[in-house]
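Examination of the molecular architecture
One letter stands for each residue in the lines below.
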Amino acid sequence: MVIDLRSDTVTQPTPAMREAMFNAKLGDDVLGDDPTVNELEAKAAAMFNMEAALFCASGTMTNQLAIRTHCRPGDDVICDYLSHVYQYEGGGISVNALASVSLAHGERGKLTPDLIRDYIYSPADPHKPLSRLVVLENTINKGGGCFYTVPEIAAIRQVCDEQGLILHLDGARLFNALVETGEPTESYGQLFDSISICLSKGLGCPVGSLLLGKADFIKQARRYRKLMGGGWRQAGFLAAAGIYALDHHVDRLKIDHSRARRIGTMLEQLPEVEEILPIDTNIVIFKLQTNLLAIDYVAQLEAKGIRAVPFGKHLVRFVTHLDLTDEMIAELENRLSEPEF
Ligand SMILES: *Cc1c(COP(=O)(O)O)cnc(C)c1O
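Bear in mind that the values here come from a model prediction, so they are computed numbers and not experimental data.

1. Observations concerning the overall build of the protein
On a plain count of helices and strands, the protein comes out with 13 helices and 13 strands. Against the globule reference of 20 Å for 341 residues, the protein gives a C-alpha radius of gyration of 20 Å, in line with a compact fold. Taking the principal axes of its C-alpha atoms as reference, the protein extends roughly 60 × 55 × 35 Å. Counting across all 341 residues of the protein, residues that qualify as buried make up 56%. On the protein, roughly 14,400 Å² of surface is accessible, and the fraction owed to carbon and sulfur atoms is 52%. If the 33 positive side-chain charges of the protein are averaged to one point and the 45 negative ones to another, these points end up 5 Å apart.

2. Structural notes on the environment of L174
Here L174 is to be found in helix α8 (residues 174–181). Residue classification places L174 among the buried residues on the basis of a relative accessible area of 0%. For the pair formed by L174 and N334, sequence separation is 160 residues and the distance between their alpha carbons is 32 Å.

3. Regarding the packing of helix α1 (residues 15–22) against helix α10 (residues 236–248)
Running from N to C, α1 and α10 point in directions that differ by 135°, and their axes come no closer than 8 Å. Taken together, α1 and α10 sit at an angle that is classed as oblique. As α1 packs across α10, the resulting crossing turns out to be right-handed. Mapping the contact onto sequence places A16, M17, A20, M21 and F22 in α1 and F237, L238, A240, A241, Y244 and A245 in α10.

4. Observations concerning helix α2 (residues 35–47)
Between its first and last C-alpha, α2 extends 18 Å over 13 residues, near the 18 Å set by a 1.5 Å rise per residue. For α2, the full list of buried residues reads T36, V37, L40, E41, A44, A45 and M47. Across the axial projection of α2, the buried residues extend over an arc of 165°, all falling on one side. Next to the buried residues of α2 lie β2 (52–56), α8, β8 (209–213), α9 (215–227) and α10.

5. Here's the deal with the pattern of salt bridges
Per the stated rule, a full pass over the model turns up 19 salt bridges. Measuring nitrogen to oxygen at the nearest pair gives 2.6 Å for the salt bridge that ties D4 to R6. Ionic pairing is found between R252 and D256, a salt bridge with its closest N-O pair at 2.6 Å. On the accessibility criterion, R252 (15% relative accessible area) is buried. Among the ionic contacts, a cluster of salt bridges with common partners joins R157, D161 and D193.

6. Quick notes on the site of the ligand
Close contacts around the ligand come from S58, G59, T60, N63, H84, E137, D170, A172, R173 and K201, and that covers them all. For the ligand, an oxygen atom lies 2.6 Å from a polar atom in the side chain of T60. In the model, an oxygen atom of the ligand is placed 2.8 Å from a nitrogen or oxygen of the K201 side chain. Relative to its unbound accessible surface of 380 Å², the ligand loses 83% to contact with the protein. Residues of the shell around the ligand, tallied by class, amount to one nonpolar, five polar and four charged.

7. With respect to the packing of aromatic side chains
Under the criterion given, the structure shown has five aromatic pairs. Seen in terms of ring centroids, F48 and F175 are 5.7 Å apart; in terms of plane orientation they differ by 65°. Their pairing is edge-to-face. Pair noted here: F48 is in the loop between α2 and β2 and F175 is in helix α8, with a separation of 127 residues, a long-range link. Residue classification places F48 among the buried residues on the basis of a relative accessible area of 0%. Given a relative accessible area of 4%, F175 falls into the buried group.

Conventions used here
Residues numbered from 1 in each chain as written. Predicted model: local features only at pLDDT ≥ 70, side-chain atom pairs only at ≥ 80, totals over all residues. Heavy atoms only, no water. Helix = DSSP H or I, 4+ residues; strand = E, 2+ residues; numbered from the N terminus. Rg over C-alpha atoms; globule rule 2.2 N^0.38 Å. Buried < 20%, exposed > 50% of the residue type's maximum accessible area, 1.4 Å probe, protein only. Areas by Shrake-Rupley, 256 points an atom, 1.4 Å probe, with all protein chains shown as cover. Lys, Arg positive; Asp, Glu negative; His and termini not counted. Charge placed at Lys NZ, Arg CZ, Asp CG, Glu CD. Axes fitted to C-alpha atoms, helices over the stretch in contact; angles between N-to-C directions. Parallel < 35°, antiparallel > 145°, perpendicular 65-115°, else oblique. Left-handed = near helix turned anticlockwise from the far one by under 90°. Contact = heavy atoms within 4.5 Å. Expected span 1.5 Å × (residues − 1). Arc of directions from axis to C-beta. Salt bridge = Lys/Arg side-chain N within 4 Å of Asp/Glu carboxyl O. Near = heavy atom within 4 Å. Polar contact = N/O pair within 3.5 Å; in protein donor to acceptor, adjacent residues only side chain to side chain. Nonpolar A, V, L, I, M, F, W, Y, C, P; charged D, E, K, R; others polar. Phe/Tyr/Trp six-rings, centres within 6.5 Å; stacked < 30°, edge-to-face > 60°.

Next up, the structure:
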């Protein structure tokens, strides 16, 4: 039995999800008449109290479409240096939006009103790029799955309103945050100009991400999606998985979180583990003793049938997800404590 903790993207669609996909009503989404895609977009927009939504292939695509649509060439995007839009999207901010980036250094990737204010340039100064957009991430992948609460975001929204800045949320794992805080999805619509959520992370879909925002913004993003070759036809097969996941796979994220905490207690017992980041949701990041490289440790784990990713020179990441079982978690404890390290 392989215990795959590399990411919450490794999940396979469940039999019930496959059934929903198989039975989906289809049309041509480029022509706007795939009923299942339209249903998913309307459902997600309503959930977050947003006017409209756009179904896309990946979270990178929805983030990049948002940045491209919000910014003009020469604009500046403020985000944390750990953020996915900067670290893991191939430099897309500069390529797609011709925008520059100001990188704040928050605590575990979390921005605050003060950190943001430090990077807002005066539009009267012709030396500077034009500060245009702030991007938050929730939960924060590189921060070990930590999250913002609504009051923290409201304080940032206020700065954006005062300074005329646009606010986008990379909410690839937003549902992981919401099941912990208990905050309603509807509260998010008024806080952000746009939100990207992923269906292929904790929610267990094979593919898919949604961009949410005002109707005009989504109309423009739909244009850019086509321009990038992201228009798709009978995408209802994939949208059906998304509808199923929003209905059935949100509350169960709590199970992933409790398993992540349980894995944390296992790691505390291991002499090779020096430090474990606080475990807030489904991501566990731990630091090895400095004589042990993450790539070597991950190779040793692989030999024991545990799959993980190196997350820095001495950092390793485990992610819990839908396809893990109690049996696997018990077996993980056995294999981790085998003494050959
Ligand atoms: C996974 C992820 C994305 C999107 O990634 P894709 O693989 O392009 O779907 C965006 N932001 C964060 C924080 C992520 O973890």
